[in-house]
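Fold and geometry: a report
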Amino acid sequence: MKIKITQLKSKVPYDVLMEAFRKDAPLFNEIGLKWKIWLENKEEGIIGAIMLFKDQASYEKYPDPELVKKV
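In this report, the structure presented in the accompanying data block is examined. Predicted, not measured: the structure shown is a model, and the values here were computed from it. (Residues numbered from 1 in each chain as written. Predicted model: local features only at pLDDT ≥ 70, side-chain atom pairs only at ≥ 80, totals over all residues. Heavy atoms only, no water.)

A short note on the pairing of strand β3 (residues 46–53)
- Judged by how many residues are buried, β3 sits mostly within the fold: seven of eight residues are covered.
- Of the pairings in the sheet, the one linking strand β1 (residues 2–9) to β3 comprises eight bridges and is antiparallel in character. In the sheet register, I5 faces β3, and the bridge partner there is I50.
- As judged from the eight bridges shared by strand β2 (residues 33–41) and β3, these two strands associate in the antiparallel manner. (Buried < 20%, exposed > 50% of the residue type's maximum accessible area, 1.4 Å probe, protein only. Helix = DSSP H or I, 4+ residues; strand = E, 2+ residues; numbered from the N terminus. Pairing = 2+ DSSP bridges.)

Here it is, written out as structure tokens:
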């Protein structure tokens, strides 16, 4: 198992982002994502996630350029 923590700054409202991310969740499961905890800092417009991948190979696939194209 491998954990990755990410964050990004976005002007898109959190609710809108979450709706899009939920729709694409199955694609991330295909590369070995086991679970994801979402983080949000509304004041600074920052979102992030703590993600658990099944193994090193799955961890290294994120962000996979092919997956990003699908999303």
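Concerning helix α1 (residues 14–30)
- Here α1 contains 17 residues, and its C-alpha end-to-end distance of 24 Å stays within 8% of the 24 Å for a straight helix at 1.5 Å per residue.
- The sharpest bend along α1 comes to roughly 50°, located at D24, with the proline P26 sitting one to four residues further on.
- Just downstream of α1 lies G32, where phi reads positive at about 105°. (Expected span 1.5 Å × (residues − 1). Bend = angle between axes of the 7 residues up to and from the residue.)

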